Amino acid sequence: MDWIIFLFFLCWGSFLNVVGYRVIHNKSILGRSVCPRCSRKIAWYDLIPVISWILLQGACRYCKKRITILYPFIELLTAFLALLTYHYMPSQYWLAYGLFFSALIVTIRTDFETMLISRYATWCMIPCAFLLAAAGKLPLTLLSSLTGAVFGYLILWTIARVFYAVRKIEGLGEGDLDLLAMIGSFTGIMGAWTSLFVGSFLGSIVGITILFITKKKSTQIPFGPWLAAGALCYVFLQNHILSFF
Ligand SMILES: [Zn+2]
């Protein structure tokens, strides 16, 4: 069963790659994939998750334009999360977490690639979380879902305002606020709080490492993927985190 889940969700990850790429570049979700440089249609045998990227050595078959490593990374991440969900989550929450993780994965893809987060992956998901919480398909009440969304937005909004007042530059993008609101709607206040805490920690380590390696004075790194990583940590470890507090 594990292999079937793994293979199916590699393909789902491949679809999420397409969604992430096309929503952020304002392209239609429908239609065949083409190379962004030479516009040649990509053949089916070059669209096999992970394997095609390895066989093509990460470049277009025709014009040799580099294909980002995000493609196999997103596919493997999706399959890995699906296996974790299958083994460690009660089946009544699979639908909700499937939606939530898909939105996080699309966000990871777009934010790494373009430093942008699509509102399709954040705003559109928040009402879904409210409905799923109300229907008992998430391990939190509708009220917790609502307060989680508001808290997630407001805490980052406050941090952004304080940062701007002190440094006079925008440190956070609007998309980060939307993302933490979406995370809060699926995980409640504790989830939003943990995501922010873990996300800031991971983001700082990566930022400092990049500064150290490149020897620059400042750098811009996307915050969304680290918030998403924090949210994933919370979902899978929430029982341990809640008992710790
Ligand atoms: Zn090409």
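Refer to the preceding data block for the structure.
Residues numbered from 1 in each chain as written. Predicted model: local features only at pLDDT ≥ 70, side-chain atom pairs only at ≥ 80, totals over all residues. Heavy atoms only, no water.

**Student:** Tell me about the coordination of the zinc ion, and please be specific about residues and values.
**Tutor:** Bound to the zinc ion are the protein donor atoms Cys35 (SG), Cys38 (SG), Cys60 (SG) and Cys63 (SG), situated 2.3 to 2.4 Å from the metal. Look at where the donors of the zinc ion fall in the sequence and you get C-x2-C-x21-C-x2-C. Remark: Cys63 occurs in the loop between α2 (51-55) and α3 (70-88) and Cys38 occurs in the loop between α1 (2-24) and α2; sequence separation between them is 25 residues. Judged by relative accessible area, Cys38 falls into the partly exposed class, the value being 27%. (Donors = N, O, S within 2.8 Å, 3.2 Å for Na, K, Ca; no water. Helix = DSSP H or I, 4+ residues; strand = E, 2+ residues; numbered from the N terminus. Buried < 20%, exposed > 50% of the residue type's maximum accessible area, 1.4 Å probe, protein only.)

**Student:** Kindly report on the nonpolar core, identifying the contributing residues and their values.
**Tutor:** Of all hydrophobic cores here, the largest spans 46 residues; its most connected members are Phe100, Leu104, Leu138 and Met182. Sorting the residues of this core by element identifies α1, α3, α4 (94-114), α5 (125-134), α6 (142-167), α7 (174-214) and α8 (224-244) as the ones contributing at least two each. Split by domain, the residues of this core number at least three in each of domain 1 (1-87) and domain 2 (89-245). When residues no more than four places from it in sequence are discounted, the contact partners of Leu104 are Leu179, Met182, Ile183, Ala228, Ala231 and Leu232. (Core = buried A, V, L, I, M, F, W, Y, C linked by side-chain atoms within 4.5 Å. Domains from an automatic or database assignment. Contact = heavy atoms within 4.5 Å.)

**Student:** So what's going on with α5? Which residues, and what values?
**Tutor:** Along α5, the residues classified as buried are Met125, Ile126, Ala129, Leu132 and Ala133. All buried residues of α5 lie within an arc of 125° about the axis, which places them on one face of the element. Among the exposed residues of α5, those pointing more than 90 degrees away from its buried face are Leu131 and Ala134. Remark: Gly136 follows α5 within two positions and exhibits a positive phi of approximately 75°. (Arc of directions from axis to C-beta.)

**Student:** Tell me about the pattern of salt bridges, and name the residues and values.
**Tutor:** In this structure the tally under the stated criterion is three salt bridges. A salt bridge links Arg61 to Asp46; its shortest N-O distance comes to 2.8 Å. Placement of Arg61 in the loop between α2 and α3 and of Asp46 in the loop between α1 and α2 is noted, with a sequence separation of 15 residues between them. By relative accessible area, Arg61 is classed as partly exposed at 37%. Its relative accessible area of 12% is what places Asp46 among the buried residues. A salt bridge links Glu113 to Arg109, with the nearest nitrogen and oxygen atoms 2.8 Å apart. Here the residue Glu113 and the residue Arg109 both occupy positions in helix α4, the gap between them amounting to four residues, near one helical turn. Given the relative accessible area of 0%, Arg109 is considered buried. (Salt bridge = Lys/Arg side-chain N within 4 Å of Asp/Glu carboxyl O.)

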